[in-house]
Amino acid sequence: MNPFPAPASSTTPMYTSRRHRALWVVGVVFTAGLLAPPLFLGAARKGIVRHTVPAVYAAAIYPVALGREWLPNPGNWISWALAAAVLTAATHAALLATADEGAAA
């Protein structure tokens, strides 16, 4: 018996509506990107993105967020690095196709 469900096909829509898409992007942005890896992990389990996507976002966001306490910050580079990772994740989330847009294309 396999305890893990089979991944969905790549035709599975990422969002069910425009509201769902907006909630995804707002969740990524307003949590300073900290929700990006778990959200993309859900997308990876559905087969919408590759499994490396959540790992890459986790490797980019979590060390920078945690490093604010211990790393030197001349020129305020940590805030800029975290902002870049958050904006990248939010843009990536917004670009994933909805069912309506996928059918229209």
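Residues numbered from 1 in each chain as written. Predicted model: local features only at pLDDT ≥ 70, side-chain atom pairs only at ≥ 80, totals over all residues. Heavy atoms only, no water.

Enquirer: Can you help me understand helix α4 (residues 77-95) in this one?
Expert: At 3.6 residues per turn, the α-helix brings residues three or four places apart onto the same side. The first and last C-alpha atoms of α4 sit 27 Å apart over 19 residues, in line with the 27 Å expected at 1.5 Å per residue. Taken together, the buried positions of α4 are occupied by I78, L82, A85, V86, A89, A90 and A93. Buried residues in α4, looked at end-on, bunch into an arc of 130°, giving them a common side. Away from its buried face by more than 90 degrees, α4 exposes W80, L87 and L95. (Helix = DSSP H or I, 4+ residues; strand = E, 2+ residues; numbered from the N terminus. Expected span 1.5 Å × (residues − 1). Buried < 20%, exposed > 50% of the residue type's maximum accessible area, 1.4 Å probe, protein only. Arc of directions from axis to C-beta.)

Enquirer: Looking at this model, I keep getting lost on the environment of F40. Mind explaining?
Expert: Position of F40 relative to the elements: it lies in helix α2 (residues 36-45). Here F40 falls in the buried class, since its relative accessible area comes to 0%. Put simply, F40 and T52 are 12 residues apart on the chain and 9.5 Å apart in space, counted from C-alpha to C-alpha. Among all residues touching F40, those that are not within four sequence positions of it are W24, V49, V53, P54, Y57, A89, H92, A93 and L96. (Contact = heavy atoms within 4.5 Å.)

Enquirer: Help me out: how do you make sense of the confidence of the model for the protein chain in this one?
Expert: The predicted coordinates ought not to be read in detail in places where the model reports low pLDDT. Mean pLDDT for the protein chain: 79, with 80% of residues reaching 70 or above. Within the protein chain, no element has a lower average pLDDT than helix α5 (residues 99-104), which sits at 52, and none a higher one than α2, at 89. (pLDDT = per-residue confidence, 0-100.)

Enquirer: Is there a simple way to explain unusual backbone geometry in this structure?
Expert: Trans is the prevailing form of peptide bonds, just as negative phi is the prevailing case for residues other than glycine. We note that A32 has phi near 55°; this positive angle belongs to a residue other than glycine. Relative to the elements of secondary structure, A32 occurs in the loop between α1 (18-30) and α2.

Enquirer: Would you mind going over a nonpolar patch on the surface with me for this structure?
Expert: A contiguous nonpolar patch, built from V26, V29 and F30 and spanning about 290 Å² of accessible area, is present on the exposed surface. As for its position among the elements, V26 is in helix α1. Under the relative-accessibility criterion, V26 is labelled partly exposed at 40%. (Patch = residues over 30% accessible without salt bridge, like charges linked within 9 Å, V, L, I, M, F, W, Y side chains within 5 Å. Areas by Shrake-Rupley, 256 points an atom, 1.4 Å probe, with all protein chains shown as cover. Salt bridge = Lys/Arg side-chain N within 4 Å of Asp/Glu carboxyl O.)

Enquirer: What exactly am I supposed to notice about the packing of aromatic side chains here?
Expert: The description of an aromatic ring pair rests on the distance of the ring centres and on the angle between the ring planes. Under the definition given, this model contains two aromatic pairs. Aromatic pair W24 and F40: ring centres 5.3 Å apart, planes at 85°, arrangement edge-to-face. Of this pair, W24 sits in helix α1 while F40 sits in helix α2; the two residues are 16 residues apart in sequence, bridging distant segments of the chain. Each member of the pair, W24 as well as F40, carries the same accessibility label: buried. Within the aromatic cluster, the residues linked to one another by ring pairs are W24, F40 and Y57. (Phe/Tyr/Trp six-rings, centres within 6.5 Å; stacked < 30°, edge-to-face > 60°.)

Enquirer: What is the right way to look at the environment of P63 in this model?
Expert: Looking at where P63 falls in the secondary structure, it is placed in helix α3 (residues 52-67). With 19 residues separating them in the primary sequence, P63 and L82 have C-alpha atoms 9.6 Å apart.

Enquirer: Help me understand the packing of α1 against α4 in this model?
Expert: Orientation of α1 relative to α4, taken along the N-to-C sense of each, is 170°, at an axis distance of 9 Å. By the criterion of interaxial angle, the relationship of α1 to α4 is roughly antiparallel. Between α1 and α4, the residues in contact are R21, W24, V25, V28 and V29 and V86, A89, A90, A93 and A94, respectively. (Axes fitted to C-alpha atoms, helices over the stretch in contact; angles between N-to-C directions. Parallel < 35°, antiparallel > 145°, perpendicular 65-115°, else oblique.)

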